[in-house]
Amino acid sequence: MALTPQEDVNRRMLRARDEMDRRYAEPLDLPTLARIAHLSASQFGRVFKEVYGETPHRYLQRRRVERAMTLLRQTDRPVTDIAWDVGFASLGTFSRTFSTVVGCSPSEFRTRHEPVHVPSCFIAAWTRPREGAPRTAVSEKRPDPSPA
Amino acid sequence: MTNDNSNHITSLHIRSVPVLDQDEALDFYTSHLGFEVRDDIDLGFMRWLTIGVPGQDTSLLLELVGGPQHDEATAAQVRELVTKGALGGLFLQSDDVHATYAALVDAGVEVTQEPVEQPYGTDFGIRDPFGNHVRVSQPNA
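Residues numbered from 1 in each chain as written. Chains lettered and ligands numbered in written order. Predicted model: local features only at pLDDT ≥ 70, side-chain atom pairs only at ≥ 80, totals over all residues. Heavy atoms only, no water.

Naming follows an unreviewed UniProt entry, where chain B appears as Glyoxalase of Nocardioides currus.

Below, the structure written as structure tokens:
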């Protein structure tokens, strides 16, 4: 298969983004992601943003919040457990980030949303908070206490 | 919109999947996912290549991105979207999702998600060689 240089970059960045999706609860491992994309760690963040329009950190935060939204909707697990499950090291950071990104607290979100039964990839794709909505995530202003 | 079958549509017959290399697509979908070839016809202006799950009527058209329906710029945009993973995907069902997953991992297929129990069953995700998303699920009994 002959790919143009940009298509080859896209494909390698997609592999790296899929790795982030798989390991969303783990700390952001830029060196590993860069290796998957066949780039240096210093290049990776810049190229990721060129391809997907946001930083790897921001993508991971949206992925984690989206996953938390699903767990809040689909399970009755305690909010603290969900915060840990999706990769936040403290309930405080999780609650602040969630509220900033989604616009309400995790508990409020849970009471407002019923479980839905469609393939999980659609829930992931269509419930992931949009970039910048409703405003910049707290987590970008305050480093996530989980190892970065 | 009607729901009384007055439109006489009886099935989903063929669905097109954008691919960047038909031979590579054919190898992937037949070797790894067990599809069978339905048609492989050189029409001159295109290769009509359809595959399907044995025993099931719906076919996939492995459609090469490009051709006269797209100008070069549009074809490049579609290729860009495919390789970024931005286009739609396929949803397959397995009667043993864990066995399917193990075989695909052994074959070195790109995994987007390991098997996860969902409210509706268990599913996992993979990519085809071009970036198209393929999900495989096993519904709850």
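S.K.: Where do I start with the interface of chain B and chain A in this structure?
M.R.: How big an interface is tends to be stated in terms of accessible area lost as the parts join. Across the boundary between the two partners, chain B contributes 25 residues, which contact 22 residues of chain A. On the chain B side of the interface with chain A, the three residues burying the most area are Thr83, Lys84 and Phe91 of chain B, jointly 26% of the side's total. Remark: the boundary between chain B and chain A carries 5 salt bridges. Counting across the interface, chain B meets chain A through 13 residue pairs in polar contact (both at pLDDT 80 or more). Listing elements by their share of the side of chain B that touches chain A, those giving two or more residues are α2 (72-83), β6 (111-118), β7 (121-127) and β8 (133-139) of chain B. Considering every element that reaches the side of chain B that touches chain A, the biggest residue donor is β6 of chain B, with 5 residues. Of the residues assigned to the side of chain B that touches chain A, the class counts are 7 nonpolar, 7 polar and 11 charged. (Contact = heavy atoms within 4.5 Å. Buried area = accessible area lost by both parts, 1.4 Å probe. Salt bridge = Lys/Arg side-chain N within 4 Å of Asp/Glu carboxyl O. Polar contact = N/O pair within 3.5 Å; in protein donor to acceptor, adjacent residues only side chain to side chain. Helix = DSSP H or I, 4+ residues; strand = E, 2+ residues; numbered from the N terminus. Nonpolar A, V, L, I, M, F, W, Y, C, P; charged D, E, K, R; others polar.)

S.K.: How should the packing of helix α4 (residues 56-74) of chain A against helix α6 (residues 91-102) of chain A be read in this particular structure?
M.R.: Residue and element names in this part refer to chain A. Remark: α4 packs on α6, axes separated minimally by 10 Å, with the N-to-C direction vectors making an angle of 95°. Considering their axes alone, α4 and α6 lie roughly perpendicular with respect to each other. Of α6, the residues touching α4 (which contributes Arg58, Gln61, Val65, Ala68, Met69 and Leu72) are Phe94, Thr97, Phe98, Val101 and Val102. (Axes fitted to C-alpha atoms, helices over the stretch in contact; angles between N-to-C directions. Parallel < 35°, antiparallel > 145°, perpendicular 65-115°, else oblique.)

S.K.: Teacher, can you tell me more about the sheet that holds β8 of chain B here?
M.R.: Backbone-to-backbone hydrogen bonds join strands into a sheet, with any given pair of strands oriented parallel or antiparallel. Residue and element names in this part refer to chain B. One open sheet holds the 4 strands; their spatial order is β5-β8-β7-β6, and the pairing between them is mixed. Since the sheet does not close on itself, it has two edges, and those belong to β5 (89-93) and β6, each with one partner. Geometrically, the sheet is characterised by an average inter-axis angle of 15° between neighbouring strands, direction not taken into account. In terms of strand pairing, β6 meets β7 through 5 bridges, oriented antiparallel. Note that in β7 the partner of Gln118 across the bridge is Gly121. (Pairing = 2+ DSSP bridges.)

S.K.: Is there a simple way to explain the packing of helix α1 (residues 5-22) of chain A against helix α3 (residues 41-52) of chain A in this structure?
M.R.: Helix-helix packing: each pair is described by the crossing angle between the helix axes and the interaxial distance. All names here are of chain A. Between α1 and α3, whose axes approach to 10 Å, the crossing angle comes to 105°. Taken together, the axes of α1 and α3 lie roughly perpendicular to each other. Touching Gln6, Val9, Asn10, Met13, Leu14, Ala16, Arg17 and Met20 of α1 are Phe44, Val47, Phe48, Val51 and Tyr52, all from α3. Class assignment of the residues belonging to the contact of α1 with α3 gives a composition of 10 nonpolar, 2 polar and 1 charged.

S.K.: What exactly am I supposed to notice about the environment of His98 of chain B here?
M.R.: Residues and elements named next belong to chain B. The topology assignment puts His98 in helix α3 (residues 97-106). Exposure remark for His98: the relative accessible area of 48% places this residue in the partly exposed category. When residues no more than four places from it in sequence are discounted, the contact partners of His98 are Pro115 and Thr122. (Buried < 20%, exposed > 50% of the residue type's maximum accessible area, 1.4 Å probe, protein only.)

S.K.: Sorry if this is basic, but what is going on with the packing of aromatic side chains here?
M.R.: Residues and elements named next belong to chain A. Following the criterion strictly, the structure yields 9 aromatic pairs over all chains and no others. Arranged with centres 6.0 Å apart and planes meeting at 65°, the rings of Phe48 and Tyr59 form a pair that is edge-to-face. One end of the pair, Phe48, is in helix α3; the other, Tyr59, is in helix α4, and 11 residues separate them in sequence. Residue Phe48 shares its accessibility class with Tyr59, and that shared class is buried. A connected cluster of aromatic rings, assembled from ring pairs, spans Phe44, Phe48, Tyr52 and Tyr59. Here the guanidinium or amino end of Arg64 rests over the ring plane of Phe88, the centre of that ring lying 5.8 Å away. (Phe/Tyr/Trp six-rings, centres within 6.5 Å; stacked < 30°, edge-to-face > 60°. Lys NZ or Arg CZ within 6 Å of the ring centre and 35° of its normal.)

S.K.: Hey, could you run me through the sheet that holds strand β2 (residues 36-42) of chain B in this one?
M.R.: Residue and element names in this part refer to chain B. Ordered by their spatial adjacency, 4 strands build an open sheet running β1-β4-β3-β2, and the pairing between neighbours is mixed. This sheet does not close on itself; its edge strands, each paired only once, are β1 (14-19) and β2. For this sheet, the mean angle separating the axes of adjacent strands, direction not counted, is 25°. Pairing between β2 and strand β3 (residues 47-52): 6 bridges, direction antiparallel. Residue pairing in the sheet places Asp40 in a bridge with Leu49 of β3. Sitting on the sheet, helix α1 (residues 22-32) is in contact with β1, β2, β3 and β4 (59-64), with an inclination near 10° to β3.

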